[in-house]
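# Notes for the structure review
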Amino acid sequence: ITREGKATKDTNEFGISWQVRGDDSGEKNLFHEAKGPQYPEMCELPTAASKTSRRLLESSISYAEAAKACDGFEEEAKDACIFDVLSTENTEMADAAAF
């Protein structure tokens, strides 16, 4: 939902609508220091190359490895542990005992 209340699937449109507008629009500034483009100048949009992201399907740690690292957790906590291990590609996340 954009600032204007419009539903959109366009992430650029969404981001632009929520750009911090600062003093000129009557909104309070969120930051102590102004960096980068400031409203009414448009935000810098990400390039196509920066939109690529790592996907869990391409993880260097298999589901079986993550499940093994999370052995000993109760079922509900184990699911969260496996997700964290796969997301970070770090089996040491299971040692954090945050579950």
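Heads up: these notes are all about the structure in this document.

Calculation rules
Residues numbered from 1 in each chain as written. Predicted model: local features only at pLDDT ≥ 70, side-chain atom pairs only at ≥ 80, totals over all residues. Heavy atoms only, no water. Disulfide = S-S within 2.5 Å. Helix = DSSP H or I, 4+ residues; strand = E, 2+ residues; numbered from the N terminus. Buried < 20%, exposed > 50% of the residue type's maximum accessible area, 1.4 Å probe, protein only. Salt bridge = Lys/Arg side-chain N within 4 Å of Asp/Glu carboxyl O. Contact = heavy atoms within 4.5 Å. Expected span 1.5 Å × (residues − 1). Core = buried A, V, L, I, M, F, W, Y, C linked by side-chain atoms within 4.5 Å. Polar contact = N/O pair within 3.5 Å; in protein donor to acceptor, adjacent residues only side chain to side chain.

### Here's the deal with the state of the cysteines
Throughout this description, disulfide means a covalent bond between two cysteine sulfur atoms. In the structure shown here, the tally under the stated rule is one disulfide. Through a disulfide, Cys 70 is tied to Cys 81; the S-S separation comes to 2.0 Å. One quick way to see it: the torsion about the S-S bond of Cys 70 and Cys 81 is about -75°, and its sign makes the bridge left-handed. With Cys 70 in the loop between helix H2 (63-69) and helix H3 (75-88) and Cys 81 in helix H3, the pair connects residues that are 11 residues apart, well separated along the chain. The pair Cys 70 / Cys 81 is uniform in exposure class, with both members buried.

### Details of the pattern of salt bridges
Throughout the structure, instances matching the rule amount to two salt bridges. A salt bridge links Lys 6 to Glu 13; the nearest nitrogen and oxygen atoms lie 2.6 Å apart. Residue classification places Glu 13 among the partly exposed residues on the basis of a relative accessible area of 26%.

### Here we look at the side chain of Thr 2
If you trace the backbone, Thr 2 turns up in the segment before helix H1 (11-17). With relative accessibility at 3%, the residue Thr 2 sits in the buried group. With residues up to four places along the chain from it excluded, the contact list for Thr 2 reads Thr 8, Glu 13, Phe 14, Ser 17 and Trp 18.

### A few points about H3
Look at H3: 20 Å from first C-alpha to last across 14 residues, which is about the 20 Å you get at 1.5 Å a residue. Turning to H3, its buried residues are Ala 77, Lys 78, Cys 81, Ile 82, Val 85, Leu 86 and Ser 87.

### Topic: the nonpolar core
Counting nine residues, the largest nonpolar core consists of Ile 61, Ala 66, Ala 67, Cys 70, Cys 81, Ile 82, Val 85, Leu 86 and Ala 94. Of all the secondary-structure elements, those providing two or more residues to this core are H2 and H3. At four residues, the largest contribution of residues to this core is made by H3. Setting aside residues no more than four positions away along its own chain, Ile 82 makes contact with Tyr 63, Ala 66, Ala 67 and Cys 70.

### Comments concerning the side chain of Lys 78
Its location among the elements puts Lys 78 in helix H3. With relative accessibility at 19%, the residue Lys 78 sits in the buried group. A distance of 3.3 Å separates polar atoms of two side chains, one belonging to Lys 78 and the other to Asp 71. Contact partners of Lys 78, with chain neighbours within four places excluded, come to Ala 67, Cys 70, Asp 71 and Phe 73.

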